[in-house]
Amino acid sequence: MLCHYNIENAGAKATAAQDIVKMIKQYGSKIDGVGLQSHFIVGSTPSQAAQTATMNAFVALGVEVAVTELDIRTSTPESSSALIQQARDYASTISACNSVAKCVGVTIWDYTDKYSWIPSTFSGQGAALPWDENLTKKTDVYDAILSAWGSAPSETVSTSSTMAAPSSAAATATAAAGGSIARWNQCGGNGWTGSGSCVSGTVCSRLNDYYSQCL
């Protein structure tokens, strides 16, 4: 799997990533997926149409695609208008994946602002996730994600600090039947309370202390 950032929009970097996929295939090596990391900024997220077109360009090369690290940051403290736009931006990315037959899932990069990497990297930025620092759900953002994925909003989802990231909110692709975890989904890491059993043909691969993925 090839995974990179800033390849969600048509341009030189996306074209270079597509060329890498072509080269790997030309040499007879195996590549079955491309991950779009999708670390975005509120109001500057590529349009749904642009993301869909880019995903389809990769799919046309004979690979699956996945959104692997989605978060959408804004200036903090966040304004109400920023949260409204953030909901629209999340919906654009989720809808783009949902409209591409071989987009196999969306992983949101953590679920709560409390544990986000962004404030320590981008001064004055954060509030990038569907739950705030107090583990309170941002209703507009949460509902936009579910609606874009095609699920009805639910008011009963736990916001416990021990819950899995928004896979339980359909923001990530759901686990396969029988309790096995679908390809590209989280299967382990610090604080993970779900199964570590991946579907046949994949293994639970450690990416870092906090995240393992079925690859």
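What this report covers is the structure whose coordinates are included nearby. Since the structure is predicted, the reported quantities are computational estimates derived from the model, not experimental observations.

Turning our eyes to something else, we now look at the overall build of the chain. The helix and strand inventory of the chain stands at 4 helices and 9 strands. When the 215 residues of the chain are sorted by exposure, 47% land in the buried category. Restricting the contact set of the chain to residue pairs at least 6 apart, pairs at least 24 apart contribute 63%. For the chain, the accessible area works out to roughly 9,900 Å², and carbon and sulfur atoms hold 51% of it.

Here strand β2 (residues 33-36) shows no split at all, with G33 and G35 on one side and V34 and L36 on the other all buried. Bridging between strand β1 (residues 2-4) and β2 involves 3 bridges; their strand directions are parallel. The residue of β2 that forms the bridge with H4 is L36. In this fold, the crossover linking β1 to β2 by way of helix α1 (residues 12-26) has right-handed handedness. Across 4 bridges, β2 lies against strand β4 (residues 64-75) in parallel orientation.

For the rest of this paragraph, the subject is helix α3 (residues 80-98). For α3, with 19 residues, the first-to-last C-alpha span of 27 Å sits near the 27 Å given by 1.5 Å per residue. Taken together, the buried residues of α3 touch β3 (39-41), α2 (48-59), β4, β5 (103-108) and α4 (139-149).

Okay, the packing of α1 against α2 next. The description of two packed helices rests on the angle between their axes and on the distance between the axes. Running from amino to carboxyl end, α1 crosses α2 at an angle of 20°, the nearest separation of the two axes being 10 Å. If you check the angle between α1 and α2, you find them roughly parallel. By crossing handedness, the relation of α1 to α2 is classed as right-handed. Touching A14, A17 and Q18 of α1 are T54, A57 and F58, all from α2. Partitioned by chemical class, the residues of the contact of α1 with α2 number 4 nonpolar, 2 polar and no charged.

Rules behind the numbers
Residues numbered from 1 in each chain as written. Predicted model: local features only at pLDDT ≥ 70, side-chain atom pairs only at ≥ 80, totals over all residues. Heavy atoms only, no water. Helix = DSSP H or I, 4+ residues; strand = E, 2+ residues; numbered from the N terminus. Buried < 20%, exposed > 50% of the residue type's maximum accessible area, 1.4 Å probe, protein only. Contact = heavy atoms within 4.5 Å. Areas by Shrake-Rupley, 256 points an atom, 1.4 Å probe, with all protein chains shown as cover. Pairing = 2+ DSSP bridges. Right-handed = clockwise from strand over helix to strand, strands pointing away. Expected span 1.5 Å × (residues − 1). Axes fitted to C-alpha atoms, helices over the stretch in contact; angles between N-to-C directions. Parallel < 35°, antiparallel > 145°, perpendicular 65-115°, else oblique. Left-handed = near helix turned anticlockwise from the far one by under 90°. Nonpolar A, V, L, I, M, F, W, Y, C, P; charged D, E, K, R; others polar.

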